[in-house]
Every structure is written in structure tokens, then in C-alpha cells.
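Residue-level listing of the chains:
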Amino acid sequence: MKKTTLTSLTMSLFFLTTILVVVWMSYNKPRVFILHSYSNDYVWTEEVNVGIERTLANQKWLLVRYHFMKTKKFKDDASHRRAGIAAKNAIDKFRPDVLIAVDDYAQKLVAAKYVNHPTMQIVFAGVNGSIEPYGYYKANNVTGIVERKQVKAIREVILLLAASDQNRKGGNPLRTLFLSDPALSGKMDTEYVDAFDWQPIDHQGSIHVNDYDEWREIVGKAGEMTDFLLVSGYRKLPRSKTDEKFVSPEEIMTWTEENSPVPVIGMNFFNTGDGAMLSVGVSPYEQGEVAAGLALDILCGRKKVNEIPVQVSQQYVISLRNSAIRKRNMEVPKIFEAFARATNNYFD
């Protein structure tokens, strides 16, 4: 055999071996599958991913894959089921060591099917209600962080706003009313919001409407029922009973802020971006950071999943719309404005 031929064969064997080693190492990396209930252009999902990516940024030893179920774009159960089947097929093909499931549809339609799975651990985030319906309480492979509306902070903000309201007359207790679309997350928020002790505020309960016409009717009558209108979810509102196309969140919240006889308080930080006067919402960054951190703890062997207690959201984000606050003749503490500006959630 000629020397040049032997050299070529040796080099080819070296490169082939190198490629096989790289492929083998990549194939055997610990795997994390991040399953989102919503689409990747939904602001909440975008910011949860910011938190996840902050935590996983330098973890090159992991193989990470994202999947978006886009359930806010569907209104019927059949579409939800198909989104769940597609997500489960993607998970079964990827065979993750840890499944990070974000928001309730990801739990209900997919993650709950892997409870007590022999090789897959589940970390949930963004769960608005109880985790009991998903079978997580008795599971040996599940932990995570629940999302709870920051009702204590919202109560404090409402009391401050009412005290600064130059048009408000004293006397009767302040009233609040929670208005939401019929989405799963809104119904789960209702249980928590209505069970909270709002004293000294007199909370009037919650109303779920089925379409934009019903939403506008309630907003128009809000002055008879409440002093502050609480809103959270409105992305699954058809325009009317005869027009099932969803109305854009910007149109809904801009109209609501312009036409509501009482101030509108968002319970998601992005409600202000849509048009509301002021919002106090759960931090999506915390949800993402905690979920990714728990996944790392499990994969690094620092903690066993069944020994990690479920966490509750602690951080929140304030967002302000200055023109709407001035229109209501109200004032907010300067520190609120500074915080909103620092987090890019201040709107003129």
C-alpha cells in the first residue's frame, strides 16, 4: 500500500471517529424538554423563557428543546386535545430526563400523563390553581412553582390609589370586581382571588364573560358594581356570538380603559402594555428561573425531586400608564414609577 493511501485512510478514520464521538456525546447529553401552553409570541411566554435562559445560559452539557402548544389560539376542546397529542409525541420522541411544563394546559393535556414515570422528572411552572387535579400531590417525580396573583400587593396599591383620588368621596367601603374571559387560567385565578381576604376592601366576586359584547356590557355597568375593575385574561374573547374570531388584546384593553367608569387594574404585568392604567403581576422571570433551577438541581443530583417542596411565586412586576393615571386624577408613589421604568414597563 502506498504511503499516501495509508495516510489518507488514517486521516479518514480519525475524522470518522471524531464525528462518531461527537454524535455519541451529543446523543447522551442529559435532556430537558420545555413545554409551553402558549405560543412563543405571547409576552408572558417570552418573559418566562428569559428566566429559563438566564439559568441555562452556560449549561452546554444539556440538550434542550422547546415546544409551544399555542392553546390561546384555540377555542374548542378538539383543538386542545390535538395540541396535547402533538406535544406528547414530541416528548416521547425526545425522551427527556426532565420535562419543564409551563402553565395549566401543559399540565392538564400532557405532563399529568407522565406522573410517576420511571425515568422522567417533571418540573411545573405557571400553575394558577391547585396541582391536585393533575395528580402531582401523590407523585414521586414532580416538583415546581405555582403562580399566585399578587393580591396583597394589589390591595395595597388600590388603597393608595383611592387615597390619592381627588374625585372620590369617603363613606362606603371600596369595592373590587374581577372580570375575565372563560379560559382555564382565568377560572383558576378566580378561585384564588375570590378566596382572598380583601378587607378593608369589599370584594364583589368574579364575572366570566363569553365574548367581547358581554365584556363591554359589564365594563359599561362597572360603576354600579365596583370602584376598581380587576382584569387578567381576555385573549380568548370572540367578538360576538356570531363572530368567533378572537378580538386583539390591545383593542379590548384600550377600549376598556377609555370606557370604564372606574379605574382598571391589571393582574398581569402586560395588561398595561395592552392599554390598562396600572398592573401588578406575577414575575414571569421568577417562574422561569425557579423552574430551570430546579431542573438543574435534579440533573446535578443535588436534590431528589420528591424531596423538593413546591414553591409559591414571591416576586411581582409593576407597570404604569401615566396618561391614564392623570386622567383619573390619581397619583402613585414615585418608587412605583421608578420600578416600572427600570423594568421597561412604564408607558406615557
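Participant: Would you explain the overall build of the chain in this entry?
Facilitator: Helices and strands together make up the secondary structure of the chain, namely 13 helices and 13 strands. The C-alpha extent of the chain, read off along each of the three principal axes, is 100 × 45 × 40 Å. A fraction of 71% describes how many contacts in the chain between residues 6 or more apart in sequence connect residues 24 or more apart. With an accessible surface of roughly 16900 Å², the chain has 53% of that area assigned to carbon and sulfur atoms. Distance from the positive charge centre (43 side chains) to the negative charge centre (40 side chains) of the chain: 8 Å.

Participant: Please explain the sheet that holds strand β1 (residues 31-36) as it appears in this structure.
Facilitator: The pairing of strands in a sheet happens through backbone hydrogen bonds and is either parallel or antiparallel. With parallel pairing, the 6 strands of this open sheet are ordered in space as β2-β1-β3-β4-β5-β11. The open sheet has two free edges, formed respectively by β2 (63-68) and β11 (311-312), since each of these has just one partner strand. Along the sheet face, helix α11 (residues 284-299) touches β1, β3 (98-102), β4 (121-127), β5 (142-146) and β11 and points at about 170 degrees away from the line of β4.

Participant: Would you mind going over unusual backbone geometry with me for this structure?
Facilitator: Where the residue is not glycine, phi is negative for most of them; where a peptide bond is considered, it is trans in most cases. Gln199 connects to Pro200 through a cis peptide bond whose omega is 10 degrees. Along the polypeptide, Pro200 turns up in the loop between α6 (184-195) and β7 (202-208). One non-glycine residue, Asp103, lies in the positive phi region at around 75 degrees. Relative to the assigned elements, Asp103 resides in the loop between β3 and α4 (104-109). In this model, Asn329 sits at a positive phi of 55 degrees, which is unusual for a non-glycine residue. Relative to the elements of secondary structure, Asn329 occurs in the loop between α12 (322-327) and α13 (334-342). A residue is classified by how much of its surface remains accessible, and Asn329, at 32% relative accessible area, is partly exposed.

The rules behind each value
Residues numbered from 1 in each chain as written. Predicted model: local features only at pLDDT ≥ 70, side-chain atom pairs only at ≥ 80, totals over all residues. Heavy atoms only, no water. Helix = DSSP H or I, 4+ residues; strand = E, 2+ residues; numbered from the N terminus. Contact = heavy atoms within 4.5 Å. Areas by Shrake-Rupley, 256 points an atom, 1.4 Å probe, with all protein chains shown as cover. Lys, Arg positive; Asp, Glu negative; His and termini not counted. Charge placed at Lys NZ, Arg CZ, Asp CG, Glu CD. Pairing = 2+ DSSP bridges. Axes fitted to C-alpha atoms, helices over the stretch in contact; angles between N-to-C directions. Buried < 20%, exposed > 50% of the residue type's maximum accessible area, 1.4 Å probe, protein only.

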